[in-house]
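Remarks on the overall topology
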Amino acid sequence: MAKLRIRYVCQGCGAEAPRWFGRCPGCEAWNTCVEEPISPAPEKQSGTAVSVPPAPITEVDGHPEDRMATGMQEFDRTLGGGIVSGAAVLVGGDPGIGKSTLLLQGAAALALEGLRVLYVSAEESLPQTRMRAQRVGALSDQLYLVAESSLDLICRYIEDLKPTAVVVDSVQTIHRPDLQSAPGSVSQVRACAACLVSLAKTTGTAVFLVGHVTKEGTVAGPRAVEHLVDTVLYLEGERHGAYRILRAAKNRFGSTNEIGIFEMCDRGMLEVANPSRVFLSKRETACGGTAVVCSVEGTRPLLVEVQALVASSTFGYPQRVATGFDARRMAILVAVLEKRSGLALGSQDIFLNVAGGLRIDEPAVDLGVALAMVSSFRDCAVDPMTVAVGEVGLGGEIRPVSQVDRRVAEAHKLGFTRCIVAKANMAGLKAPAGMEVVGVSDIDAAQEVTLGRPFNR
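Structure report, in brief. (Residues numbered from 1 in each chain as written. Predicted model: local features only at pLDDT ≥ 70, side-chain atom pairs only at ≥ 80, totals over all residues. Heavy atoms only, no water.)

Points about the overall build of the chain
Helix and strand counts for the chain stand at eleven helices and 23 strands. Its C-alpha atoms give the chain principal-axis dimensions of roughly 85 × 55 × 55 Å. The buried share of the chain, taken over its 457 residues, is 48%. Look at the contacts in the chain between residues 6 or more apart in sequence, and 67% of them connect residues 24 or more apart. Accessible surface, the chain: about 22,300 Å² in total, of which carbon and sulfur atoms supply 52%. (Helix = DSSP H or I, 4+ residues; strand = E, 2+ residues; numbered from the N terminus. Buried < 20%, exposed > 50% of the residue type's maximum accessible area, 1.4 Å probe, protein only. Contact = heavy atoms within 4.5 Å. Areas by Shrake-Rupley, 256 points an atom, 1.4 Å probe, with all protein chains shown as cover.)

Side note on the state of the cysteines
Counting across every chain of the model gives zero disulfides. Here C27 stays unpaired: no disulfide links it, and the sulfur of C24, its closest cysteine neighbor, is 3.7 Å away. For C27, a relative accessible area of 37% corresponds to the partly exposed category. With no disulfide of its own, C294 has C419 as its nearest cysteine by sulfur position, at a separation of 7.5 Å. You can call C294 buried: its relative accessible area is 0%. (Disulfide = S-S within 2.5 Å.)

Points about the sheet that holds strand β23 (residues 436–440)
Judged by pairing direction, the sheet is mixed, and its seven strands sit side by side in the order β17-β18-β16-β15-β19-β22-β23 without closing on themselves. Two strands in the sheet have a free side with no partner beyond their single neighbour: β17 (320–323) and β23. Between one strand axis and the next, the sheet turns by 25° as a mean value, whatever way the strands run. As paired strands, strand β15 (residues 290–297) and strand β16 (residues 300–312) are joined by eight bridges and run antiparallel to one another. Each bridged residue has a counterpart across the sheet, and for V292 the counterpart in β16 is E305. (Pairing = 2+ DSSP bridges. Axes fitted to C-alpha atoms, helices over the stretch in contact; angles between N-to-C directions.)

A word on the pattern of salt bridges
Applying the stated criterion to the full structure yields 17 salt bridges. Measuring nitrogen to oxygen at the nearest pair gives 3.9 Å for the salt bridge that ties R328 to D326. A single network of salt bridges, built from pairs that share partners, joins E74, R77 and R300. (Salt bridge = Lys/Arg side-chain N within 4 Å of Asp/Glu carboxyl O.)

Observations regarding helix α5 (residues 186–203)
Here α5 spans 26 Å end to end across 18 residues, near enough to the 26 Å set by a 1.5 Å rise per residue. When α5 is considered as a whole, its buried residues turn out to be V186, S187, Q188, V189, A191, C192, A193, L196, V197, L199 and A200. Positive phi shows up at G204, right after α5, with a value of about 80°. (Expected span 1.5 Å × (residues − 1).)

Details of the sheet that holds strand β10 (residues 206–212)
Here nine strands make up an open sheet; going across it, the order is β8-β7-β9-β10-β6-β11-β12-β13-β14 and the pairing mixed. Pairing within the sheet leaves two strands with one partner each, and these edge strands are β8 (143–146) and β14 (268–271). Direction aside, the axes of adjacent strands within the sheet are offset by 25° on average. Here strand β12 (residues 243–251) runs beside strand β13 (residues 259–265); their pairing, made up of five bridges, is antiparallel.

Section: the environment of D444
Note that D444 resides in helix α11 (residues 443–451). For the pair formed by D444 and E397, sequence separation is 47 residues and the distance between their alpha carbons is 8.8 Å.

Looking at helix α10 (residues 404–413)
The α-helix advances 3.6 residues per turn, and as a result positions three or four apart in sequence lie on the same side. Every buried residue of α10 is listed here: V404, R407, V408, E410 and A411. With its buried residues spanning 160° around the axis, α10 presents them on a single face. Its buried side turned inward, α10 meets α7 (275–279), β15, β16, β19 (386–388), β22 (418–422) and β23. Looking one or two residues past α10, G415 carries a phi angle of roughly 95°, positive in sign. (Arc of directions from axis to C-beta.)

A word on the side chain of R132
Looking at where R132 falls in the secondary structure, it is placed in helix α3 (residues 126–135). Residue R132 is classed as buried on the basis of its relative accessible area, which comes to 9%. One polar contact links R132 to E124, side chain to side chain, over a distance of 2.5 Å. Among all residues touching R132, those that are not within four sequence positions of it are S100, T101, L104, Y119 and E124. (Polar contact = N/O pair within 3.5 Å; in protein donor to acceptor, adjacent residues only side chain to side chain.)

A closer look at the side chain of D349
Structurally, D349 is set in strand β18 (residues 348–354). R320 provides the closest opposite charge to the buried, salt-bridge-free D349, at an N-O distance of 5.3 Å. A polar contact is formed between the side chain of D349 and the side chain of S313, at a distance of 3.3 Å. Apart from the residues within four sequence positions on either side, D349 is in contact with L309, V310, A311, S312, S313, T314, P318, Q319 and R320. (Lys, Arg positive; Asp, Glu negative; His and termini not counted.)

In structure tokens:
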């Protein structure tokens, strides 16, 4: 009897070693080593493979992308305008965030258009999936369900049914019988994902893979899975909150800056048609430590409220906590306010929050974040009808940002009467009727416009 050969594989990056290791030599993560048996190499198939000789790129037939609209505009926007035939899409997110519900609704929307869709449930039984589909209104004769975890049977169902789209929920629970490792291991996830992607390219069927997310926020399994697929989508949001944000981390058929915003309710995932109005709906009219900023996500300007709380620290080391904003960027803005504006923030606890559960990383929101912190420190409210747009430099200067005309138009549409921008953005900018656009050159000038006068004057 042949001796079983063993290897040790990191579940984070897929690095292999002949011996057990505590810290991965590839990604340097601790306690990610898992023992896996080495499967024998598959036998080579006889015959000659059919190959296509190289041809000039000008002679290659360029077929336009045939996109299929699901009817969910937020979902289609994130994908780049719809589903491309033969595309492989990986959807990741925290447990319970709504991945299965969103894809079930998308599959039902395609089925209602007369397209055949296969939903493979490897985690739930058919009655459980039916109950969720009935609750969210996703019942259609063209939506086929199967509860299966064997990759060979799943591929056979796809070849026999010839669906337009397939949803596999999830890629960590299916397995190849010829591999000796357990489902969810690196080798199983990599092999199953590669087989499904290859099947999508050869048959033209769009394949959606549901992937679990680790506590570090990355899709479980090796990073090679993300490189295999065409599009990687992440469903983000607070688990106990109502709103979910679908963000594209990789997209070969569209932009990675687009986001889709949904609201989780008892009827499933509902689209948010006007997210700016939703994020500002519960805003106090006049409150110290708040400011409204405008961030552009892809082609959509979003107005959100930034809240700051600056209080004297009762401990020796002040706290710096940011939710929905980069903590290191907040530390830079605090240092600029201390050095350029003379604010004594070194002994103050500073807490920053972006209302609505949204995460913003664009430099254009720097000015609003800085004004919110100054407003809380001075206990003086910013005009609630003012929107701040601008990047703050290390010298305290306000630097121009892109698409400022669209930001001003969005603020005007929602009823704001004044917009603070960089002075360099004023060239060629036409303010809408009833909107006052003020250009400022530095952070002190911005304080003078919004709060009456700078702190150090």
